[in-house]
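Each chain is listed here by its residues.
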Amino acid sequence: MAWILVSDIFGRTKALERFAADLPGSVEIVDPYNSELMNFDCEVEAYSHFTSKVGLDKYVEKLSERISASFGHVSLVGFSIGASAIWRLSDHQALSNVSGAILFYSSQVRHYVKIDPIFSTRLIFPAMEPHFSVLEVMQTLKQKEQVEVHHSTYLHGFMNPQSRNYNAEAYAKYKQIVCNTPFNDPICKGFS
């Protein structure tokens, strides 16, 4: 099994590398900063850097190139802006090598609800978002054939130890879910 983890605005971090190490098969991390460890002090700094130096469109392009260069099938896991980048590509017929995707708290998905993914896509939403109704977006997306939506009880960023909303219990729970997703066999190390 080949995996591509698509980072949030913090980019490649030691925590994301540890997450990657627990997945079976080959794992690659795609991030906005070409694998440079940025060590941002806070989310405001990371957001400012991402928006001024990269932006969603460039990130989508970078991810598309990486997926297209993959041999065989890949499974995608995205966090926040990384999840949004995956969602933006999810209807591209050229990406038929994607087995499926798990998207954590993609707030930008609300701008692209007309997309119909060509591969199995599980969206895990936070309890709430300040800029839109999570329930309304979920209601719209759950009508789509390849989409499964899940409403968590945690806040945006709960999978990232650098986020003020990080939750260790949620991290453990959803890491196990990622590892046990049907398009991801065998079971993740440490959860047999």
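Look a little higher up for the structure.
Here goes a summary of the coordinates provided.

The rules behind the values
- Residues numbered from 1 in each chain as written.
- Predicted model: local features only at pLDDT ≥ 70, side-chain atom pairs only at ≥ 80, totals over all residues.
- Heavy atoms only, no water.
- Helix = DSSP H or I, 4+ residues; strand = E, 2+ residues; numbered from the N terminus.
- Rg over C-alpha atoms; globule rule 2.2 N^0.38 Å.
- Buried < 20%, exposed > 50% of the residue type's maximum accessible area, 1.4 Å probe, protein only.
- Contact = heavy atoms within 4.5 Å.
- Areas by Shrake-Rupley, 256 points an atom, 1.4 Å probe, with all protein chains shown as cover.
- Lys, Arg positive; Asp, Glu negative; His and termini not counted.
- Charge placed at Lys NZ, Arg CZ, Asp CG, Glu CD.

What follows concerns the overall build of the protein chain. Per the secondary structure count, the protein chain includes six helices and six strands. The helix and strand sequence of the protein chain, counted from the amino end, reads β-α-β-α-α-β-α-β-β-α-β-α. Here the C-alpha atoms of the protein chain give a radius of gyration of 15 Å, agreeing with the 16 Å that 2.2 N^0.38 yields for 192 residues. If you line up the protein chain on its principal axes, its C-alpha atoms span 35 × 35 × 35 Å. Counting every position in the protein chain, which comprises 192 residues, the buried fraction comes to 52%. Considering only intrachain contacts with a sequence separation of at least 6, the fraction spanning at least 24 residues in the protein chain is 64%. Summed over all atoms, the accessible surface of the protein chain reaches about 9,200 Å², with 50% contributed by carbon and sulfur. One finds the centroid of the 17 positive side-chain charges in the protein chain at a distance of 1 Å from the centroid of its 20 negative side-chain charges.

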